[in-house]
Amino acid sequence: MESPPSFDLWARHRGTSLTDAVKWTMKLRSCSLADAMRYVLPVRNREHGWVQLYFDLGWLEAQEFLSAPLPDFVEPGSAVLLDHDSYTTPERCRGRCDAHRIYLYREGGSCPVCDGDYMLTTRGGFRTAVRTSRRY
Ligand SMILES: [Zn+2]
C-alpha cells in the first residue's frame, strides 16, 4: 500500500539572484554547496521563479511553516504546498485547493486534505497518516 502524501513547501522567489536561497538551503539541509545548488537552481526554477523551501512535511509541520515568516529571498505570503510525490513545480500544476493552499497537478484533481488522506506529521522519524477516505 502506498503511503499517503506528505507536502513540499514552495514560495515565489523575488529578485534575480538565487545566492541567498542556496546559502539558506545549505544551512537548513546541512548539505554541500553542490547539493544546495541542485535543490535550488535547476533550470526550471530559474525560469518559473519558484523555490522549494521545505520538503516531505507532514500537515502539522506544513501549517507551522505556512504561518511563520518566510526567508527574505521569497515574496511574503507566496508559500504554497505541493504533494511531495508529485515531483513537479507549482507552475506546472493545473489545479489548486484554495482552502488548503495546495497546488494540484491535474485540473480538478483531488486535494489530499479534503479527501482525508495525507501525512499528518513526518517529524522525528515518525510518520503518522490520516486516512478517512472511503477509497481504502
Ligand atoms: Zn483541500
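Rules behind the numbers
Residues numbered from 1 in each chain as written. Predicted model: local features only at pLDDT ≥ 70, side-chain atom pairs only at ≥ 80, totals over all residues. Heavy atoms only, no water. Helix = DSSP H or I, 4+ residues; strand = E, 2+ residues; numbered from the N terminus. Rg over C-alpha atoms; globule rule 2.2 N^0.38 Å. Buried < 20%, exposed > 50% of the residue type's maximum accessible area, 1.4 Å probe, protein only. Contact = heavy atoms within 4.5 Å. Arc of directions from axis to C-beta. Pairing = 2+ DSSP bridges.

K.L.:
So what's going on with the overall build of the chain? Residues and values would help.
P.N.:
Along the backbone of the chain there are 5 helices and 7 strands. When its helices and strands are written in sequence order, the chain yields β-α-α-α-β-α-β-β-β-α-β-β. For 136 residues, the compact-globule estimate of 2.2 N^0.38 gives 14 Å, and the C-alpha radius of gyration of the chain, at 15 Å, lies within 12% of that figure. If you line up the chain on its principal axes, its C-alpha atoms span 45 × 35 × 25 Å. Burial analysis of the chain (136 residues in total) assigns 46% to the buried set. Intrachain contacts of the chain at a sequence separation of at least 6 include 58% that bridge at least 24 residues.

K.L.:
Can you lay out helix α1 (residues 19-29) for me, pointing to particular residues and giving the numbers?
P.N.:
All of the buried residues along α1 are A21, V22, T25 and R29. Projection of α1 onto a plane perpendicular to its axis shows the buried side chains occupying an angular sector of 100°, all on one side. Facing away from the buried side of α1 by more than 90 degrees, the exposed set consists of K23 and K27. If you follow the buried residues of α1, they end up packed against α2 (33-40) and β2 (50-57). The first or second residue beyond α1 is S30, which carries a positive phi of 50°.

K.L.:
A description of the pairing of strand β1 (residues 7-12) should follow, citing residues and the corresponding values.
P.N.:
The element β1 is largely enclosed, with a buried count of 5 among its 6 residues. Two elements, β1 and β2, share 5 bridges in a ladder whose sense is antiparallel. Its bridge partner being in β2, W10 is matched across the sheet by Q52. Examined bridge by bridge, β1 and strand β3 (residues 80-83) share 4 bridges and lie antiparallel to one another. Residue pairing in the sheet places L9 in a bridge with L81 of β3.

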